[in-house]
Structure formats: C-alpha cells, structure tokens
Amino acid sequence: MVHEIIWSGLEHLSESELESGILTTRKSWKPWAENRPFDAGTLEQDLKRIARLYRRHGFYDTRIESQVEPVEGGVVLRLNLEEGPQVVVEEFRIVLEHLGLPGAPIDSAELERDLPLREAEAFGADEYERAKILIQERLARRGYPASSVAGGAEVDLDRHRVRVQWRVAPGPFVRMGRPVVTGLEKVAPQLVLGELGWSVGETYDPLVLRRTQRAIFDLGLFRAVTIEPIRSNASTQGKTESASGNGPGVAGGDAWVREEIWPMEIRVRERPPRSIR
C-alpha cells in the first residue's frame, strides 16, 4: 500500500485536486477502511491523468517524475512536477452569423462581455466550455434557444499562446406557442393554465419558463413539474431584411432567417390524494 504521497513543485493546482483525479491512493487513517495495494501500472496511468488535468488548465509542457521508495508494509510515493508556462489567450474572436436577426439587436461584443475566457488571460478548458454555454444561454434569453457554437482553439506550443475563433449560428428566432398540459388525472387544467407566465407569441425566454414551472409546483398539487418546448419541423419563414443588404430574409447569401412558434409542453405528476383520519 502507499503510506504517503509527497508532492513537490505545485504552484497552480493543489494536492487534493490532483489526488482526486488519480486512482493511486494513500493509506487511510480510518482503521476500518480497505487500502489498495500499490500498483505500478496504475501509477503509470495516473501520471498521464495528471498531465491531462494540467492541460485542462492550460499547462501543455508539464513534466512529472515519480519515485517509489519501499518502506515497511508498503511504499512512499514522491511526485515531482515542473508545471511549465501556462498558455495565454492571444486572440478571442466571435463571428455571429445571420446578420439582421429578428428580435432585439445582438452583436459579438455583447456575447463576449464578461466571459470567463478573455484575451491576455490564462487559457483553460473549463473556462472554454463555460464560455460556450454562456453564449448559448444569452442567445436563448433573446429568443434563440437552438443556437450552436462551432470552431476551436489553435494552440501555439512554442509561444504558449492560443487563438480562439468561434462561429455562432443563432438558429431560428422562437416565439412561445400554446401550452400543452400532460399528466393530469384529477386536477383541472385551468389550475395549471392560470399560472402561465407567457402569452402566445411572446419571445422565447427560459427564465419565464422556469418561473412558470415554479409557480405551478407551488400549487402543492404535483410531485413534479417540467416545461419543455416542442420543436416543430414546420417553421414560419420570416422575411427579415438582412444587414448585409442581400435581400429579404437572406443570411449568409442562401439561407432564410427563420421564425418559429414552439408549443410548450407542461408535464406534471400529481400528488397522491391525502386521506383524512
């Protein structure tokens, strides 16, 4: 078994963070715990796991050396690290497709504002993914719940710099349609519909759906409430003038800017009837 793991060279990541990501574990202080025997093959894979974890934080040149020292009843493991330089974002560019979108105006600067990924700052895979999610959430709030983010990051290992370029396709502009209530058994549908936070034709907004979901749940009649859009294959082609001047509804030269109305399914599970004693 591993009596102790001794780390050296750590600056940006902690021992607990690293040990939570590997399978080699040190001897537990709990007398009833089952301790794993030391395994050289597991250690070899753990060194690769550590390197991958550092890469997620922008360290692509991390070097790891291991030393296994036999002691009575097991081993002491020494892990010596040279983290190396962290990759920095040199350029972060977002290209928003389909100019002249319906709804409130949107530009790339608005999408980039206060993202966890910024130029001249450290690059990390977690920040990269969170930035994508935030962009899609912001578009959803503006009526574009089906957006996509394409592109990637080009890392220059010699200069320790990365360039990130994304193309954002908002997808159709969505308005909220009629509510469709499912799962009712004894509760009258009017009770559910009385808590709606939107009117048919309003711009899609996930926050409105969440507030409505909470209001219906707070009636105390249901064990579970979910609200999800029903995406229809049939769409209303909106003839919106594009900012590029290519003609009505043209985006990217050959695609109409679509406007769709999605019904909203409200799924409920009723609480069992209460008995009075």
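Relevant structure appears above.
These figures come from a predicted structure and were not determined experimentally. (Residues numbered from 1 in each chain as written. Predicted model: local features only at pLDDT ≥ 70, side-chain atom pairs only at ≥ 80, totals over all residues. Heavy atoms only, no water.)

Engineer: How do you make sense of helix 2 (residues 40-56) when you look at a structure like this?
Structural biologist: Because an α-helix packs 3.6 residues into every turn, residues spaced three or four apart end up facing the same way. Taking 1.5 Å as the rise per residue, helix 2 with 17 residues should run 24 Å; its terminal C-alpha atoms sit 25 Å apart, in good agreement. Those residues of helix 2 that sit buried are Leu43, Asp46, Leu47, Ile50 and Tyr54. Projected down its long axis, helix 2 carries its buried residues within an arc of 105 degrees, all on one side. Turning to helix 2, the residues buried within the fold contact strand 1 (2-8), helix 1 (15-19), strand 2 (63-71) and strand 3 (74-82). By the N-cap criterion, in which a side-chain oxygen at the helix start approaches the backbone nitrogen of a residue two or three places on, helix 2 is capped by Asp39, the distance to Gly41 being 3.2 Å. (Helix = DSSP H or I, 4+ residues; strand = E, 2+ residues; numbered from the N terminus. Expected span 1.5 Å × (residues − 1). Buried < 20%, exposed > 50% of the residue type's maximum accessible area, 1.4 Å probe, protein only. Arc of directions from axis to C-beta. Contact = heavy atoms within 4.5 Å. Polar contact = N/O pair within 3.5 Å; in protein donor to acceptor, adjacent residues only side chain to side chain.)

Engineer: Which parts of the structure should I look at to understand helix 4 (residues 125-141)?
Structural biologist: The end-to-end C-alpha distance of helix 4, which contains 17 residues, comes to 25 Å, matching closely the 24 Å that a straight helix rising 1.5 Å per residue would cover. Looking only at helix 4, the buried set comprises Ala125, Tyr128, Ala131, Lys132, Ile135, Leu139 and Ala140. Of the surrounding secondary structure, the elements contacted by the buried residues of helix 4 are helix 2, strand 4 (88-96), helix 3 (108-112), strand 5 (148-156), strand 6 (161-169) and helix 6 (206-217). The first or second residue beyond helix 4 is Gly143, which carries a positive phi of 100 degrees.

Engineer: What's the story with the sheet that holds strand 1 in this structure? I'm lost.
Structural biologist: Sheet strands associate in pairs through backbone hydrogen bonding, adopting either a parallel or an antiparallel arrangement. Sheet architecture is open: 3 strands sit in the order 1-3-2, paired in mixed fashion. Each having just a single partner strand, strand 1 and strand 2 make up the two edges of the open sheet. On average, adjacent strands in this sheet sit at an angle of 15 degrees to one another, irrespective of strand direction. Examined bridge by bridge, strand 1 and strand 3 share 6 bridges and lie parallel to one another. Each residue of the ladder has a partner; that of Glu4, found in strand 3, is Val76. (Pairing = 2+ DSSP bridges. Axes fitted to C-alpha atoms, helices over the stretch in contact; angles between N-to-C directions.)

Engineer: Explain the sheet that holds strand 4 here, please?
Structural biologist: The strand order across the open sheet built from 3 strands is 4-6-5, with neighbouring strands paired in mixed fashion. Looking at the sheet topology across the chains shown, the edges are occupied by strand 4 and strand 5. Pairs of neighbouring strands in the sheet enclose a mean axial angle of 15 degrees, with direction left out of account. Sheet topology places strand 5 next to strand 6; 9 bridges connect them, and they run antiparallel. Directly across from Asp156, in strand 6, lies its bridge partner Arg161.

Engineer: What am I meant to see in the pairing of strand 3 here?
Structural biologist: Side chains on a regular strand alternate between the two faces of the sheet. In this structure, strand 2 lies alongside strand 3, joined through 9 bridges in antiparallel fashion. What sits directly across from Val71, in strand 3, is Gly74. In sequence, strand 2 turns back onto strand 3 through a hairpin of 2 residues, with Gly73 there showing a positive phi of about 80 degrees.

Engineer: Teacher, can you tell me more about the pattern of salt bridges here?
Structural biologist: Between side chains of opposite charge, a pair can form as their charged atoms come close. This model, assessed by the stated rule, comprises 17 salt bridges. Between Arg49 and Asp46 there is a salt bridge, with its nearest N and O atoms 2.7 Å apart. With Arg49 and Asp46 both in helix 2, this residue pair falls 3 residues apart, about one helical turn. Assessed through its relative accessible area of 25%, Arg49 is described here as partly exposed. The residue Glu121 makes a salt bridge to Arg118 at a minimum N-O spacing of 3.5 Å. Note on Arg118: relative accessible area 34%, which makes it partly exposed. Shared partners join several salt bridges into a network, and the residues in it are Glu90, Glu91, Asp156, Arg159 and Arg163. (Salt bridge = Lys/Arg side-chain N within 4 Å of Asp/Glu carboxyl O.)

Engineer: I'm lost on the environment of Ser199 in this one. Help?
Structural biologist: For Ser199, the location among the structural elements is in the loop between helix 5 (189-193) and helix 6. For the pair formed by Ser199 and Pro179, sequence separation is 20 residues and the distance between their alpha carbons is 9.4 Å.

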